[in-house]
Each structure stands twice: as structure tokens, then as C-alpha cells.
Amino acid sequence: MGTNNPNDPSLKSWIESANQNDCHFPVQNLPYGVFSDKKNSSKRVGVAIGEKILDLSLIEKTHLLPVAEGTFNQPSVNAFMALGASVWKETRNAISSILVQENRTIHDHAVLLDQALVHLEDASMHLPIEISEYTDFYSSREHATNVGSMFRDPKNALMPNWLHIPVAYNGRASTVVVSKTDIHRPLGQIKLPDQDRPILGASKKLDMELEMGAIVGTSSKMGQPIHVEKANEMIFGYVILNDWSARDIQVWEYQPLGPFQAKAFATSISPWIVTRDALEPFRVQGPEQDPQPLPYLKQEGHYNYDLNLSVSLKPETANTRTIISKTNFKYMYWSSPQQLAHHAVCGCRMRCGDLLGSGTISGSNSDSYGSMLELTWNGKNPLTLDSGEKRIFIEDGDTLAMTGWCQGKNYRVGFGEVSGKIKPAIEHSFHRDDK
Ligand code: MN
């Protein structure tokens, strides 16, 4: 028993659905999530394999895993993440051993086979981590250039600091939700161009932002800077992240301290954390960084990932989704380990469960932009959906879905998807000040 390399492309699982070429969850992936089902309503940790979930809260009782009993019988992955990178690797090796074709331990164990495998369709997915804090970066050069061109000056689209600092703001962990959670259109102050004073109203420029979220697994000490390489080892894995954004609220509030209410109402993440170990074969070099970053941000290895991403939009009444963007995570100028190293350089303590949004991921073509703001160029070029409907920004009843995968030889390491449906703004009874 035991495989030397859980990323070996030739591995197959005894769970047949995991062996399809386009399956997001082959035996080379093994992403962690938190689920419950009708038979057992308690939240617990599992890994996705094909169309199934392997319930680790049961597997850990068999002592086939190198962790103490109870590690996975938890409503989040935090207890496991806190054990550190060498335990993550050993555990992944052990789970891989259990699930590869040659191993019949569970397959031939009728009780385990019946109880420890839950069909994905029968499970409810929950937020996989207890999120300590959430920081959102702004690390796509294409995105920052597009936004700078629209709102400032096309000739000086990037701010002078942008090529030196992975720019970010501190977001809200309290409103990070798992995929399939409905989102209410936010209220906020909106200042219309032809009005002297702002009003309180529902956003009319509701947008998405296609991002990846890096999840910090191990903590650092207050006052202690981290090297990029060490920062990489602190990252447990990645999820797809939709940083919902209200552009009309944002444009009025964002100077001088950055986005606040325009982003604080909701952030959605995909339910399965794809581990850094599973992404290892898909590491690629990022874009050349010129000027050279300061030494504390210098990276020697390859810290970007060749990860295909796409976004679809489905109006409430439409039968089909329309793909509105296709891009790739590899285009990011600043890598996630660089972001983490920058975050900690002042002495900021990073904790198990911290979530780092990559920033909107835009490619160089107009169909590879990661926000409606860019795709429609702030409303100038409406999108035509397959249903014939047009969109400038997101309307009530629309469902946005984002998916991503790394393409291996005859297999994919996928993220599943993050989706969210927009509900009308919550009724409010604040009096307008002119009444
Ligand atoms: Mn963002």
C-alpha cells in the first residue's frame, strides 16, 4: 500500500467517476471541504473524489490517517490546517493511498463503503474555514490598468506605487459566504453626477470580481517578517473567490482610504479548498517584474499557477448560462506568496484561516476581463447574453458562476464552482432627509 507520488498523472481511483478526463476531483486533487447530509446533519470535513465525498470524520477513526481522532470531526478545516505543512502532505499521501485503484481497504469494507462515501448531490456544503480575517489585493496589471484608464488617465493608468507594492485593503471576514448563498443587492450612499448631495439607495452598478483566494494555514508571529518562500509554505490551498462590488457606492467612497461598503456586503468562495500540494504540477513563472521588486518581495521559484478560469451569467428566466469571461490565474503580476510576504513585512501577524483575495484576474483580451466594469467598459459596451438579453451590470435574479481547473495529461485538478444569485435589496424604512 502507499504511493510515492500522489500527483502521478497515471493514478486511477476505484471510484470510477473520478477517472473521467474532465472530472474536477480525480485522485490527483483531493480537495478539502465541510459538508453535512440528510443522514447526518453535523458539519464535518471530507475530500471530494469523483462524484463522491470521502467522510474523513469516519476515516480518521480507522487510524489510516496520521492525525489525532477528532481532527476532521469539526465544522471547519482550521484544526487540520493548524497542524502544519508536513502533516498536510502526509495526510494527503494517506488519503491518496486509500483511494487509488490498487487499494481495496474501504472498497472491500461494506460498512465503511456504505457510510464513508456520500454522494456530492446529497450533501450540503458549508464554509470550509473559519475565516480569521480577509484581505483583498489588486494584483492584476491588466485589471489595474483598465480601471486606472477608465477613472483616471489612460496614459498614467497605474498609480506610482503599483509596480512596487502588492496593493490591498482590509476586507470583512464576517460576510464571506460559501457558494450558492443568495446575495441581496446592497444599500449605500450614491452620489449621482447631476446631484449635489448623495442619496441612500440600492446599488445600480452591482458587479462581480473573479479572483482566487489563498488560504493561510499556519500562523506567523507578530513583529516577524516572512520570506516569500516561507510565505508559500504557509499557504494551505486555494479557492475561487467572487468579490462582489457595488461600483456606484465605490466611486463615491473610495478616496482616500479605499473601498469600504462597496465590498463589505458579501464575498463568495467555492466550497472545496484545492491544496497547494495538488497544484504543485501546475506552477509556472509569472510575468516578468520590472522594476525589480525590493529584496523582501523577490521570488526565486515559480509561484504562479496555470489555472483556467471562466465566468458565466444566467438571468432568472433564461434556460442557459452565458460564458462572459475566460482567463487564467497565471497572468497575475504579484503572486500570492508575495502578497503574504508583503502583508507580514510590517510585523502584521498572519493567522490560520486568513483569506487573501488575489485581486480581479483580467487577461489582455476584452473577453478575458474579470469584472463587468471592464467587460462592458463601465456600461459603454453592453454584453449580449445567449437569451438575447443585454447586461451592463448584474440585475436582480441573475446567477453568477465561476469555475476553474488546471489541465493535466488526461486529468484535471478542478475547483468546482462558486455561484451566487442576486436578490432584490432588503426593504428599508429610513426617511429621506428632504422629507
Ligand atoms: Mn477585489
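Conventions we followed
Residues numbered from 1 in each chain as written. Predicted model: local features only at pLDDT ≥ 70, side-chain atom pairs only at ≥ 80, totals over all residues. Heavy atoms only, no water. Helix = DSSP H or I, 4+ residues; strand = E, 2+ residues; numbered from the N terminus. Rg over C-alpha atoms; globule rule 2.2 N^0.38 Å. Buried < 20%, exposed > 50% of the residue type's maximum accessible area, 1.4 Å probe, protein only. Contact = heavy atoms within 4.5 Å. Phe/Tyr/Trp six-rings, centres within 6.5 Å; stacked < 30°, edge-to-face > 60°. Disulfide = S-S within 2.5 Å. Donors = N, O, S within 2.8 Å, 3.2 Å for Na, K, Ca; no water. Patch = residues over 30% accessible without salt bridge, like charges linked within 9 Å, V, L, I, M, F, W, Y side chains within 5 Å. Areas by Shrake-Rupley, 256 points an atom, 1.4 Å probe, with all protein chains shown as cover. Salt bridge = Lys/Arg side-chain N within 4 Å of Asp/Glu carboxyl O. Core = buried A, V, L, I, M, F, W, Y, C linked by side-chain atoms within 4.5 Å. Pairing = 2+ DSSP bridges. pLDDT = per-residue confidence, 0-100.

Novice: Which residues make up the overall build of the chain, and what values do they have?
Specialist: Helix and strand content of the chain: 11 helices and 26 strands. Against the globule reference of 22 Å for 435 residues, the chain gives a C-alpha radius of gyration of 22 Å, in line with a compact fold. Along the first, second and third principal axes, the C-alpha set of the chain runs to 70 × 50 × 40 Å. For the chain, the proportion of its 435 residues judged to be buried stands at 55%. Long-range pairs, those at least 24 residues apart, make up 72% of the contacts in the chain with a sequence separation of at least 6.

Novice: Got a sec to walk through the packing of aromatic side chains? Specific residues and values, please.
Specialist: Under the counting rule described, the total for this entry stands at 13 aromatic pairs. Look at Tyr238 and Tyr305: their rings are 5.4 Å apart centre to centre, the planes differ by 70 degrees, and that puts the pair in the edge-to-face class. Placement of Tyr238 in strand β14 (residues 235-242) and of Tyr305 in strand β19 (residues 304-305) is noted, with a sequence separation of 67 residues between them. Note on Tyr238: relative accessible area 1%, which makes it buried. Three or more aromatic residues joined by ring pairs form one cluster here, namely Tyr32, Phe72, Phe80, Trp88 and Phe236.

Novice: Outline the state of the cysteines, supporting the account with residue identities and numerical values.
Specialist: Under the criterion given, the structure shown has zero disulfides. Free cysteine Cys352: the closest other cysteine sulfur is in Cys348, separated by 15 Å. Distance from the sulfur of Cys406, which forms no disulfide, to the nearest cysteine sulfur (Cys23) is 14 Å.

Novice: Can you tell me about the coordination of the manganese ion, naming the residues and giving the values?
Specialist: For a metal bound by four donors in a tetrahedral arrangement, the ideal donor-metal-donor angle is 109.5 degrees, while six donors in an octahedral arrangement ideally sit at 90 or 180 degrees. The protein atoms that coordinate the manganese ion are Asp136 (OD), Glu209 (OE), Glu211 (OE) and Asp243 (OD), at distances spanning 2.1 to 2.2 Å. Here the donor residues of the manganese ion share one chain and are spaced in sequence as D-x72-E-x1-E-x31-D. Residue Asp136 is located in strand β6 (residues 134-137), and its partner Asp243 is located in the loop between β14 and β15 (245-246); the two are separated by 107 residues in the primary sequence. The residues Asp136 and Asp243 share a single accessibility class, namely buried.

Novice: Go over a nonpolar patch on the surface, please, and point to the residues and values.
Specialist: On the surface, Phe151, Val251 and Trp252 cluster together into a nonpolar patch covering about 270 Å² of accessible area. Topologically, Phe151 is positioned in helix α5 (residues 141-151).

Novice: Explain the pattern of salt bridges residue by residue, including any values.
Specialist: Evaluation of the coordinates by the stated rule reveals 16 salt bridges. One salt bridge connects Arg44 with Asp55, and the closest N-O pair in it is separated by 2.8 Å. With Arg44 in strand β2 (residues 44-49) and Asp55 in strand β3 (residues 52-55), this pair connects stretches of sequence that are 11 residues apart. Two residues, Lys421 and Glu316, come together in a salt bridge whose shortest N-O distance is 2.6 Å. One end of the pair, Lys421, is in strand β26 (residues 412-423); the other, Glu316, is in the loop between β20 (308-314) and β21 (322-328), with 105 residues separating them in the sequence. Note on Lys421: relative accessible area 23%, which makes it partly exposed. Among the ionic contacts, a cluster of salt bridges with common partners joins Asp207, Glu209, Asp243, Arg247 and Lys263.

Novice: Please give an account of the nonpolar core that cites residues and values.
Specialist: In terms of nonpolar packing, the biggest core is built from 59 residues, with Met208, Met212, Tyr238, Ile324 and Phe329 touching the most fellow members. In this view, Met208 contacts Asn242, Asp243, Arg247, Val311, Ile324, Gly370, Ser371, Met372, Leu375, Ile394, Leu400 and Met402; residues no more than four positions away in its chain are not counted. By size, the runner-up hydrophobic cluster in this structure holds 45 residues, among which are Met81, Ile98, Leu99 and Ile273.

Novice: Tell me about the side chain of His343, and name the residues and values.
Specialist: Summarising the element assignment, His343 is placed in helix α10 (residues 336-344). Residues contacting His343, with those up to four places away along its chain left out, are Thr135, Phe137, Asn170, Cys348, Met350 and Leu356.

Novice: Tell me about the sheet that holds strand β25 (residues 399-407), and please be specific about residues and values.
Specialist: Strand order in the open sheet made by the five strands is β9-β26-β25-β20-β21, with mixed pairing throughout. Edge positions in the open sheet fall to β9 (183-184) and β21, since each of these has one partner strand only. The sheet contact formed by β20 and β25 spans seven bridges and is antiparallel. Considered in β25, the bridge of Val311 is made with Met402.

Novice: Now, about the confidence of the model for the chain: what can you tell me, with residues and values included?
Specialist: Residue-level pLDDT values for the chain average 96, and 98% of them are 70 or greater. By mean pLDDT, the top-scoring element of the chain is strand β16 (residues 267-269) (99), and the lowest-scoring one is helix α4 (residues 110-115) (86).

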